[in-house]
Amino acid sequence: MIVVTGATGNIGRGLVGQLLAEGAPVRALTRDPDRAALPAGAEVIRADLTDPASLEPALRGADALFLNLAAGGGGAAASVVEAAVKAGIRRIVLNSSIAVTDDPEGDDNFLARMHGAVESAVRASGLEWTFVRGGAYAANALQWAQEIRETGVVRDPHPGATTSAVHEDDLAAVATVALLDGTGAHTGKAYVVTGPESLTREEQVAVIGRVIGRPTRVEAISEEQAAEERATPSLPKETLLELFRLFATTVGTAAPVTDTVRSITGHPARTFEQWVQDHAADFR
């Protein structure tokens, strides 16, 4: 039995489907099973990762756990790791971040600190582990969907910032292989998973326009203005400003590109254009 946290998220939903396609029994955790709409065959269980009392029945009898930081946050993730040890789970596959580099001097930004703390908790658990350190998610482009639908103009503080955007289904595919690993080949490995090409944010917006068949462009605005407009209680202004400063460091550089998807799964990583084709309705 494999337990999937964040089962209704971008990565989790695809992971549930891929595991089921491989014949694996799946227990999908969600706060609202009635609205989950997950693939038939999954055991869908109500669980809140911020509520320790809900973890025991969710993990009972399972062999492996896919842990996604987005499902509850870093503090909750540490509680889940502790509960996994108590439940007798053997293996954790952690959805981590490319920001974690294992270099104390380099891991000085909030993304590296946040994901690195969970990696440390998993390492200390004594369980088998694999880290899937994803690059920037292609799904981050959904933040532009409303602007593109309404005006075709994306307002961004760093149009020249580069990423090698990774399709959520490729992250799920790497996690599937690690979760089903019967040889130990992936135990203790930290895999950096990216898309196959480095693109600026401006180039990504142009790809979206080409796929949906309408003009799109980027208009540069200040970091301060962008942070003021986009701040939310869960993503405050100061966090956004730190994120924008990270984006600024990539301008004029090529984002790292790895061959992890091909080497682990046997198929090439999906391009950003393929991702846009899969999500074109969101931008039209």
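Going by the structure above, here's the rest.
This section reports on the structure supplied with the text.

What counts, and at which threshold
- Residues numbered from 1 in each chain as written.
- Predicted model: local features only at pLDDT ≥ 70, side-chain atom pairs only at ≥ 80, totals over all residues.
- Heavy atoms only, no water.
- Helix = DSSP H or I, 4+ residues; strand = E, 2+ residues; numbered from the N terminus.
- Rg over C-alpha atoms; globule rule 2.2 N^0.38 Å.
- Buried < 20%, exposed > 50% of the residue type's maximum accessible area, 1.4 Å probe, protein only.
- Contact = heavy atoms within 4.5 Å.
- Pairing = 2+ DSSP bridges.
- Axes fitted to C-alpha atoms, helices over the stretch in contact; angles between N-to-C directions.
- Expected span 1.5 Å × (residues − 1).
- Phe/Tyr/Trp six-rings, centres within 6.5 Å; stacked < 30°, edge-to-face > 60°.
- Lys NZ or Arg CZ within 6 Å of the ring centre and 35° of its normal.
- Parallel < 35°, antiparallel > 145°, perpendicular 65-115°, else oblique.
- Left-handed = near helix turned anticlockwise from the far one by under 90°.
- Nonpolar A, V, L, I, M, F, W, Y, C, P; charged D, E, K, R; others polar.
- Core = buried A, V, L, I, M, F, W, Y, C linked by side-chain atoms within 4.5 Å.
- Polar contact = N/O pair within 3.5 Å; in protein donor to acceptor, adjacent residues only side chain to side chain.

Within the chain one finds twelve helices and eleven strands. For 284 residues, the compact-globule formula gives about 19 Å, and the C-alpha radius of gyration of the chain, at 19 Å, lands near that figure. Seen through its principal axes, the chain has C-alpha atoms that stretch 50 × 40 × 35 Å. Across the 284 residues in the chain, those meeting the buried criterion constitute 49%. The long-range share in the chain, meaning contacts at least 24 apart out of those at least 6 apart in sequence, stands at 73%.

Time to look at the sheet that holds strand S3 (residues 43–46). The sheet built from seven strands is open, its strands ordered S3-S2-S1-S4-S5-S6-S9 with parallel pairing. Of all the strands in the sheet, the pair left with one neighbour each is S3 and strand S9 (189–193). For this sheet, the mean angle separating the axes of adjacent strands, direction not counted, is 20°. Pairing of strand S4 (residues 64–68) with strand S5 (residues 91–97) involves five bridges; the strand directions are parallel. By the bridge assignment for S5, phenylalanine 66 is matched with valine 93.

Once that is clear, we can look at helix H1 (residues 10–21). With twelve residues, H1 should cover 16 Å at 1.5 Å per step; its first-to-last C-alpha distance of 17 Å lies within 8% of that length. Ile11, Gly12, Gly14, Leu15, Val16 and Leu19 are the residues of H1 that are buried. The secondary structure elements touched by the buried residues of H1 are strand S1 (2–4), strand S2 (26–30), S4, S5 and helix H6 (168–179). One or two steps after H1, the chain reaches glycine 23, where phi turns positive at roughly 85°.

Moving on, we get to the packing of aromatic side chains. By the definition in use, this model includes four aromatic pairs. For the pair tryptophan 129 and phenylalanine 131, a centre-to-centre distance of 4.1 Å together with 20° between the ring planes defines the contact as stacked. Of the residues examined, tryptophan 129 reaches a relative accessible area of 14% and is grouped as buried. The exposure class of phenylalanine 131 is buried, given its relative accessible area of 0%. Here arginine 201 stacks its cationic end above the ring of phenylalanine 247, 4.6 Å away from the centre of that ring.

So, about the packing of H1 against H6. Relative orientation of the contacting elements H1 and H6 amounts to 50°, with a least axis distance of 8 Å. In this view, H1 runs oblique relative to H6, as classed from their interaxial angle. For the crossing formed where H1 meets H6, the hand is right-handed. Together, Asn10, Ile11, Gly14, Leu15, Gln18 and Leu19 of H1 and Glu168, Asp169, Leu171, Ala172, Ala173, Ala175, Thr176 and Leu179 of H6 make up the contact between the two elements. Each residue belonging to the contact of H1 with H6 can be placed in one class, and the counts come to eight nonpolar, four polar and two charged.

Once that is clear, we can look at unusual backbone geometry. A positive phi angle, close to 50°, is found at alanine 37, a residue other than glycine. Structurally, alanine 37 is set in the loop between S2 and S3. Judged by its relative accessible area of 67%, alanine 37 falls in the exposed class.

A word on the nonpolar core. If you look at the biggest cluster of nonpolar residues, it comprises 29 residues, and the most contacted ones within it are Val4, Leu15, Leu19, Phe66, Leu179 and Val193. Counting only elements with at least two residues in this core, the list comes to S1, H1, S2, S4, H6, S9 and helix H10 (260–265). One finds Leu59, Ala62, Ala76 and Trp129 within the second-largest nonpolar core, a separate group that totals 26 residues.

Relative to the helices and strands, aspartate 181 resides in the loop between H6 and S9. A distance of 3.0 Å separates the side chain of aspartate 181 from the backbone nitrogen of histidine 186, its partner in a polar contact.

Nothing here speaks to function; it is all geometry.
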